[in-house]
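Take a look at the letters that make up each chain.
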Amino acid sequence: MSQDPLLNAPDFFPATRENALARVEAFQPQMGEVYAEERNFDYGPEKRFNVSCLSPYHSHRLLLEKETIAAALEKHSDREAEKFIQEVYWRTYFKGWLEHRPSVWTRYKSAVKSQLEGLSGGQKKAYDQAVAGATDIECMNAWAQELTSSGYLHNHARMWFASIWIFTLRLPWMLGADFFYRHLLDGDAASNTLSWRWVAGLHTPGKNYVATASNIRKFTDGRFNPEGQLAEDPAPLEDDWNGEPGSLPVHETPAKGMRTLLLLHEDDLDFESLPLDGLDLAGVAGITVTDDRSPLGASEKVKQFSIGAVEDALNRADDNLPVDAVKLASPSSALDHAKDIGATQIIYPYAPVGPVKDRLDAARAQWEDAGLSVRAMLRPYDSDAWPHCSKGFFKLKEKIPMLMSAWR
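Calculation rules
- Residues numbered from 1 in each chain as written.
- Predicted model: local features only at pLDDT ≥ 70, side-chain atom pairs only at ≥ 80, totals over all residues.
- Heavy atoms only, no water.
- UniProt positions renumbered as here; feature names shortened; annotations may be inferred.
- Helix = DSSP H or I, 4+ residues; strand = E, 2+ residues; numbered from the N terminus.
- Rg over C-alpha atoms; globule rule 2.2 N^0.38 Å.
- Buried < 20%, exposed > 50% of the residue type's maximum accessible area, 1.4 Å probe, protein only.
- Contact = heavy atoms within 4.5 Å.
- Core = buried A, V, L, I, M, F, W, Y, C linked by side-chain atoms within 4.5 Å.
- Phe/Tyr/Trp six-rings, centres within 6.5 Å; stacked < 30°, edge-to-face > 60°.
- Axes fitted to C-alpha atoms, helices over the stretch in contact; angles between N-to-C directions.
- Parallel < 35°, antiparallel > 145°, perpendicular 65-115°, else oblique.
- Nonpolar A, V, L, I, M, F, W, Y, C, P; charged D, E, K, R; others polar.
- Pairing = 2+ DSSP bridges.
- Right-handed = clockwise from strand over helix to strand, strands pointing away.
- 1 Å grid on protein atoms, 1.4 Å probe; cavity = no way out; pocket = protein on both sides within 12 Å on 5 of 7 lines; lining within 4 Å.
- Points joined across faces, edges and corners; volume = space filled by probe spheres on them.
- Expected span 1.5 Å × (residues − 1).

Within an unreviewed UniProt entry, the label attached to the chain reads FAD-binding domain-containing protein, and the organism entered is Parvularcula lutaonensis. For the record of the chain, the UniProt heading Cofactor (unreviewed entry) holds the text "FAD".

Caption draft 1: Structural detail: the overall build of the chain. Within the chain, the secondary structure is distributed over 18 helices and five strands. Expected size for 408 residues packed as a compact globule is a radius of gyration near 22 Å; at 21 Å, the chain falls within 12% of this value. Relative to its full complement of 408 residues, the chain shows a buried share of 56%. Across the chain, every contact between residues at least 6 apart in sequence was considered, and the portion connecting residues at least 24 apart equals 73%.

Caption draft 2: Inspection of the nonpolar core at higher detail. By size, the foremost hydrophobic cluster in this structure holds 134 residues, and its most contacted members are Tyr 89, Trp 143, Trp 165, Leu 262, Leu 263, Val 284 and Trp 367. Counting residues per element, this core draws most heavily on helix 9 (residues 155–168), at nine residues. Those residues in contact with Trp 367 that sit more than four places away from it in its chain are Leu 263, Pro 331, Ser 332, Ala 334, Leu 335, Ile 346, Tyr 348, Leu 360, Leu 372 and Val 374.

Caption draft 3: View of the UniProt feature "domain: Cryptochrome/DNA photolyase FAD-binding" (unreviewed entry) in the chain. In the numbering used here, UniProt assigns the feature "domain: Cryptochrome/DNA photolyase FAD-binding" (unreviewed entry) to residues 84–216. For residues 84–216, the helix share is 75%, the strand share is 0%, and the end-to-end C-alpha distance is 22 Å.

Caption draft 4: Structural detail: the packing of aromatic side chains. Taken as a whole and assessed by the stated rule, the structure comprises 32 aromatic pairs. Between Phe 27 and Phe 84, the aromatic rings sit 6.1 Å apart at their centres with planes inclined by 40°, giving tilted as the arrangement. With Phe 27 in helix 1 (residues 17–27) and Phe 84 in helix 5 (residues 82–100), this residue pair connects regions lying 57 residues apart in the sequence. The same class applies to Phe 27 as to Phe 84, namely buried. Judged by centre distance (6.3 Å) and plane angle (10°), the ring pair of Trp 165 and Phe 179 falls under stacked. Placement of the pair is Trp 165 in helix 9 and Phe 179 in helix 10 (residues 173–183), with a sequence separation of 14 residues.

Caption draft 5: Layout of the packing of helix 5 against helix 6 (residues 102–118). Relative to each other, helix 5 and helix 6 sit at 90°, their axes nearing to 4 Å. Considering their axes alone, helix 5 and helix 6 lie roughly perpendicular with respect to each other. In this structure, helix 5 uses Trp 97, Leu 98, Glu 99 and His 100 to contact helix 6, whose residues at the interface are Pro 102, Val 104 and Trp 105. By residue class, the composition of the contact of helix 5 with helix 6 is five nonpolar, one polar and one charged.

Caption draft 6: Geometry of the sheet that holds strand 4 (residues 345–349). Here we have five strands laid out as an open sheet, ordered 3-2-1-4-5, and parallel in their pairing. Edge strands, defined here as strands with exactly one partner in the open sheet, are strand 3 (325–327) and strand 5 (373–377). Across this sheet, the average inter-strand angle for adjacent strands is 25°, counted without regard to direction. As judged from the five bridges shared by strand 4 and strand 5, these two strands associate in the parallel manner.

Caption draft 7: The arrangement of the pairing of strand 5 in detail. A large share of strand 5 lies buried, amounting to four of its five residues. After leaving strand 4, the chain enters helix 15 (residues 355–369) and then returns to the sheet as strand 5, a path that is right-handed.

Caption draft 8: Quick look at the environment of Ala 130. Along the chain, the position of Ala 130 falls in helix 7 (residues 121–132). Accessibility expressed as a relative area gives 3% for Ala 130, which makes it buried. Along the sequence, Ala 130 and Gly 176 sit 46 residues apart, while their C-alpha atoms lie 9.2 Å from each other. If we ignore the near neighbours within four places in the chain, the residues touching Ala 130 are Thr 135, Ala 144, Trp 165, Leu 169 and Leu 171.

Caption draft 9: Examining the layout of surface pockets more closely. Computed from the structure, the largest pocket encloses a volume of approximately 1,400 Å³. In terms of lining, the largest pocket is formed by 47 residues, of which the most central are Glu 87, Trp 90, Phe 94, Asn 155 and Ser 195. For the lining of the largest pocket, the secondary structure elements donating two or more residues are helix 3 (55–59), helix 4 (65–75), helix 5, helix 9, helix 11 (189–200) and helix 17 (393–397). Among the elements that line the lining of the largest pocket, the one with the most residues is helix 5, at nine residues.

Caption draft 10: The arrangement of helix 9 in detail. Look at helix 9: 19 Å from first C-alpha to last across 14 residues, which is about the 20 Å you get at 1.5 Å a residue. Judged by how many residues are buried, helix 9 sits mostly within the fold: 12 of 14 residues are covered. Immediately downstream of helix 9, the backbone of Arg 170 shows phi near 55°, a positive value.

Caption draft 11: Highlighting helix 13 (residues 300–320). With 21 residues, helix 13 extends 30 Å from end C-alpha to end C-alpha; this agrees with the ideal 30 Å at 1.5 Å per step. Those residues of helix 13 that fall on the buried side of the exposure criterion are Val 302, Phe 305, Ser 306, Gly 308, Ala 309, Val 310, Asp 312, Ala 313, Leu 314, Arg 316 and Ala 317. Where the residues of helix 13 are buried, they touch helix 1, helix 3, helix 10, strand 1 (259–265), strand 2 (280–287) and strand 3.

Caption draft 12: Spotlight on empty space enclosed by the protein. As enumerated under the stated definition, the model contains three cavities of 30 Å³ or more in all. Considering only enclosed or pocket space, the largest cavity measures out at about 130 Å³ in volume. Along the wall of the largest cavity there are 16 residues; nearest its centre are Tyr 181, Gly 187, Asp 267, Arg 293 and Val 356. In terms of residue class, the lining of the largest cavity is built from six nonpolar, five polar and five charged. Of the voids in this model, the second largest cavity is the one considered here, and its volume is about 80 Å³. Looking at the second largest cavity, the residues that line it are Arg 61, Glu 65, Arg 91, Lys 95, Asp 267, Asp 268, Tyr 350, Pro 352, Asp 382 and Trp 386.

Next up, the structure:
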């Protein structure tokens, strides 16, 4: 099948909204039956005609999920685009599920730290070989090297990799999730953590995902065949992390009549769609906290993508808003900047559970102690969907037509 050169370029992730929209346009013809039939095939990093590769833009909200869904429905019927739309909503589902259970994120962070500190002996050797792409399993090595060099892996390869990591190499799932999170341009606290738990049999207790040589051979189009090398009948892992769902965040409406600083962050950079009308905007600022992804920080490629994404948003704000837009060193530095520009209110798009929220919550306490009004704006797309994300994906899946009707 012929394809737009944009979809097979080796360096196809410039961190700009312009490039995100160009990729949407390039992939739009494949969002229907081609995607449904071909999405599970990983033909290799130079052949991505069958998957959108839009996830880095969604995870930073340089591109909104509903924009991508609208593009699919512009060219395809609801039935033809159904599978593509459902896959977009999988990210929404994981985000909402973790909002119901933020303690899973807290426990994950603690476990990663203790597991990294406790690595020794044969387990450390196996871990070092796995992340370096130096195991005895050819496909694992190729995927590890592709991940660290490009910042991306096909979703099916992510599942295979996680299964082999957990059940064949018998390494802690938290360390595999941490490896991914440090290197994925689309790294997302919810999708990454919960996908690894799903493979392990922990997200849906007792139901694990097992990579098999025949499945890998089929869906890599014969590029890999680890026959006889994989644990193909392992028992799922067990833990007690999930608990019961709790309350969800709510939208905090900014106060009008107050000089306001709009603070953008790497989890949400689409300021154009925020409810800013009527606000006395004094300035726009942007932050990144990408190294907070892990005790080991984040890869240089990931950091540069996040920095580039924030800079793109600030450049767009400079061009479209009547105030200055600046990059700040950290969330806490927003306090001094607000004072410098005479702002008495800080607003920002709600940051979902993850490292950005952790840092903003800590800074928020400082801002409020200093007398600033602070408001986190929750998007209707999220507040409408997340109540249906407390259990399995099916509960959300059956609500997708209703959810889309609110903005179609």
